[in-house]
Amino acid sequence: MKTNITDNKAVIYLQGRIDSTNAPEKEMDIMGIIQENSGRGIEFDMSELEYISSAGLRILMKVKKIVKDEVVLSEVSSDIYEILETTGFTDIFTVKKRMREISVEGLEIIGTGFYGTVYRIDADTIIKVYDSADAIGLIENEKKMARLAFLSGVPTAISFDIVKVGDSYGSVFELLNAKTFNDLIIESPEKNDEIIKQYVSLMKCLHGTEIQHGEVPSAKMKFLGFLDVLHDYLGDELYNRLKTLFNDLEDPDTLIHGDIQMKNVMMVDDEPMLIDMDTLAAGKPIFDLAGIYVTYQAFEEDDKDNSMAFLGISNEMCNTIWNKTLRYYYDTDDEDELNKLSDKIRIAAYVRFLNIICESSLKDGTLGETRIKHAIEHLNELTDRVDSLN
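Residues numbered from 1 in each chain as written. Predicted model: local features only at pLDDT ≥ 70, side-chain atom pairs only at ≥ 80, totals over all residues. Heavy atoms only, no water.

## Focus on helix H1 (residues 23–36)
- Here H1 contains 14 residues, and its C-alpha end-to-end distance of 20 Å stays within 8% of the 20 Å for a straight helix at 1.5 Å per residue.
- Along H1, the residues classified as buried are Ala23, Lys26, Ile30, Met31, Ile33 and Ile34. Down the axis of H1, the buried side of the element spans an arc of 160°, and every buried residue falls inside it. Among the exposed residues of H1, those pointing more than 90 degrees away from its buried face are Pro24, Glu25, Met28, Gln35 and Glu36.
- For H1, the elements touching its buried residues are strand E1 (3–5), strand E2 (9–18), strand E3 (41–52) and helix H2 (54–66). (Helix = DSSP H or I, 4+ residues; strand = E, 2+ residues; numbered from the N terminus. Expected span 1.5 Å × (residues − 1). Buried < 20%, exposed > 50% of the residue type's maximum accessible area, 1.4 Å probe, protein only. Arc of directions from axis to C-beta. Contact = heavy atoms within 4.5 Å.)

Here it is, written out as structure tokens:
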């Protein structure tokens, strides 16, 4: 029987059919392999398994009784998965279905983000293809976060399938005739006021949603982690000032998206809906507003072509989106009040921006050095006049 043995795991490849005619022979082979690999994790690769009868299932149950740790059944076909689900094996074993493979060659690109590219498969479905070949964890976390938000009453798109795309993976969503809010702004810039008001309304719906403590990560703790990573760039004095501000920030159990720029909001049958839920967290709205500032202000500061290259919109429209979002979110035209709010948000924004730059190749070159320098200058200036982020 074909196997692949590593230090930590023995993968056993099940092939063809396992039924009453060959089960005793298969059982002898499998038990011999398990005895020889005591202490290793066990995984059954079922990519070439065509059929398994009750006699074969009994072998798997015997394995489970011997191997006290997790037993994985991987690359399971839809037909065999149905057998495993019907018999309750999906509750006993870790079962991973075989992914269908699709090509995105020739498909329309409807969005490009930090982690991947979104393509339209047809009028009803889209696929988000991740750049990383190790994207399964990201995709499964996104599905989990999207389901939590959806069940909490937040309009959210949930992936109904995970597929293989070349050497990477993608999530498939049913989004009927969907367009991102970024697309809507590009197509109808004269309607920006109406679009931004819908954008803010969805944001407030999300930020007003309470969840159980600990269900999602804390945005506050995430940003405190950013500060620790950035300590050497910030220096002790600025680091300590920022640490105090974030430590003193309230930490409620209300949802934030984590990256709620307009590319991550879709209009689906006249209803705004969130996508890219892998960044979902709990905390104050300041963290989402900081992300918006980074997208529409910070990236443009030292690279005036950034917004057109990444978003397809002008710097003037970026300014409009930021200014109107802030006014409509806080429902005020009081310039003094807006400036005070903006200062607080910009502190969180430049910490986020600095982390993005310093933890990626964006830190390289003259532009990277300039961005780091200006972000630290802004943080020094802002922390001189802001005594609380609440």
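From this point, the discussion proceeds with the structure in view.
## Concerning the sheet that holds E2
- Taken together, the 5 strands give an open sheet; going across it, the order is E1-E2-E3-E4-E5, and neighbouring strands pair in mixed fashion. Of all strands in the sheet, those bounded by a partner on one side alone are E1 and strand E5 (94–97). Averaged over all neighbouring strand pairs, the angle between strand axes comes to 15°, with direction disregarded.
- With 4 bridges joining them, E3 and strand E4 (residues 71–76) adopt parallel strand pairing. By the bridge assignment for E4, Phe44 is matched with Leu73.
- Strands E1, E2 and E3 of the sheet are contacted by H1, whose axis makes an angle of about 175° with E2.
- The sheet contacts of helix H3 (residues 78–86) involve E3, E4 and E5, and relative to E3 the element is tilted by about 115°. (Pairing = 2+ DSSP bridges. Axes fitted to C-alpha atoms, helices over the stretch in contact; angles between N-to-C directions.)

## Overview of the pattern of salt bridges
- Enumeration over the complete set of coordinates arrives at 20 salt bridges.
- Put simply, Asp276 and Lys128 hold a salt bridge, and the shortest N to O gap is 2.6 Å. Here Lys128 lies in strand E8 (residues 125–130) and Asp276 lies in the loop between strand E14 (271–274) and strand E15 (281–282), a separation of 148 residues in the sequence.
- Overlapping salt bridges bring together Asp343, Arg346, Glu381 and Arg385 as one network. (Salt bridge = Lys/Arg side-chain N within 4 Å of Asp/Glu carboxyl O.)

## A few points about the sheet that holds strand E9 (residues 161–165)
- Pairing is antiparallel in the open sheet, where 5 strands are placed in the order E6-E7-E8-E10-E9. Both edges of this open sheet fall to strand E6 (108–112) and E9, since each of them pairs with a single strand only. Direction aside, neighbouring strands of the sheet carry axes that sit 30° apart on average.
- When E8 meets strand E10 (residues 168–174), the two strands line up antiparallel, connected through 5 bridges.

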